[in-house]
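Residue-level structural notes
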Amino acid sequence: MSEKKEPSVWQGFKAFLTRGNVVDLAVAVVIGAAFTSVVNSVVKGVINPLVGAFGTKDLDHYSSCLKDPCVVKNGEAVSGIPIMWGSVLSATLSFLITAAVVYFLMVLPMSKYLAKQTARQAAKEGTQEVIEVTELEVLKEIRDALVAQRGAGGGGTGQSGGDAR
């Protein structure tokens, strides 16, 4: 009996890391983290003040109180139960802006590029099939010409002996 040797944990981990998906994911996380700070700056510096222009203060400070009196000092509730819906709205705007930028600047161009690559590959494979079919046709014509040449040139070249069984 032969025992199957299972790959070691290290070999499995190495195979996992060398797959393309892991590297792509790591790059995406790093770029996403760097991009998040840019989006957060845009939301806090531009979007929040614009939305806050319809009210009296910055978007992050909008809140409602479940239990009066609500007193918030240094970001912590001293009394009452405040609901900080402005910060939730700000985070939602950050998410939507990030998702839109990622889609329109990364996903959409990449999908168009991959579609073009797929079309090129399909066209290349179609050309290869045409070439192979053409070669096959040429070989058939050569065979037919040789058979016709044998039939016309020498009637007794060993073909008559094949009939006796």
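Residues numbered from 1 in each chain as written. Predicted model: local features only at pLDDT ≥ 70, side-chain atom pairs only at ≥ 80, totals over all residues. Heavy atoms only, no water.

Re the overall build of the protein chain
Of regular secondary structure, the protein chain possesses three helices and two strands. In the protein chain, the succession of helices and strands from N to C terminus is α-α-β-β-α. Per-residue burial for the protein chain yields a buried fraction of 6% across its 165 residues. Counting only contacts in the protein chain whose residues sit at least 6 apart along the sequence, the fraction spanning at least 24 positions is 38%. Here the protein chain has roughly 13,800 Å² of accessible surface; of this, 64% comes from carbon and sulfur atoms. (Helix = DSSP H or I, 4+ residues; strand = E, 2+ residues; numbered from the N terminus. Buried < 20%, exposed > 50% of the residue type's maximum accessible area, 1.4 Å probe, protein only. Contact = heavy atoms within 4.5 Å. Areas by Shrake-Rupley, 256 points an atom, 1.4 Å probe, with all protein chains shown as cover.)

Overview of the pattern of salt bridges
For the structure shown, the criterion picks out one salt bridge. Linking arginine 143 and aspartate 144 is a salt bridge whose minimum nitrogen-to-oxygen distance equals 3.0 Å. Residue class for arginine 143 comes out partly exposed when judged on its relative accessible area of 47%. (Salt bridge = Lys/Arg side-chain N within 4 Å of Asp/Glu carboxyl O.)

Topic: the packing of aromatic side chains
For the structure on display, the rule yields two aromatic pairs. Here tryptophan 10 and phenylalanine 13 contribute two aromatic rings whose centre-to-centre distance is 6.1 Å and whose plane-to-plane angle is 40°, an arrangement assigned as tilted. With tryptophan 10 and phenylalanine 13 both in helix α1 (residues 9-18), this residue pair falls three residues apart, about one helical turn. With a relative accessible area of 41%, phenylalanine 13 lands in the partly exposed category. Judged by centre distance (5.1 Å) and plane angle (80°), the ring pair of tyrosine 103 and phenylalanine 104 falls under edge-to-face. (Phe/Tyr/Trp six-rings, centres within 6.5 Å; stacked < 30°, edge-to-face > 60°.)

Quick word on the confidence of the model for the protein chain
The share of residues in the protein chain with pLDDT of 70 or more is 84%, and the mean pLDDT across the chain is 77. The weakest mean pLDDT in the protein chain belongs to strand β2 (residues 76-83) at 77; the strongest belongs to helix α3 (residues 85-153) at 83. (pLDDT = per-residue confidence, 0-100.)

Quick word on the side chain of serine 90
For serine 90, the position within the fold is in helix α3. Accessibility expressed as a relative area gives 6% for serine 90, which makes it buried. In this structure serine 90 touches Val43, Asn48, Leu59 and Asp60, once residues within four positions along its chain are discounted.

Re the layout of surface pockets
With a probe scaled to a water molecule rolled over the atoms, the places where space remains empty come into view. One number sums up the size of the largest pocket: a volume of about 160 Å³. Lining the largest pocket, in full, are Asp24, Val27, Ala28, Ile31, Gly32, Phe35, Thr36, Thr98, Val102 and Met106. At the level of elements, α2 (20-52) and α3 are the ones that each hand at least two residues to the lining of the largest pocket. The biggest single contributor to the lining of the largest pocket is α2, with seven residues. (1 Å grid on protein atoms, 1.4 Å probe; cavity = no way out; pocket = protein on both sides within 12 Å on 5 of 7 lines; lining within 4 Å. Points joined across faces, edges and corners; volume = space filled by probe spheres on them.)

Re a nonpolar patch on the surface
Together, Val23, Val27, Ile31, Tyr103, Phe104, Leu105, Met106 and Val107 make up an exposed nonpolar region whose accessible area comes to about 770 Å². Mapped onto the nonpolar patch, the elements with two or more residues apiece are α2 and α3. Secondary-structure assignment places methionine 106 in helix α3. Using a relative accessible area of 41% as the deciding quantity, one classes methionine 106 as partly exposed. (Patch = residues over 30% accessible without salt bridge, like charges linked within 9 Å, V, L, I, M, F, W, Y side chains within 5 Å.)

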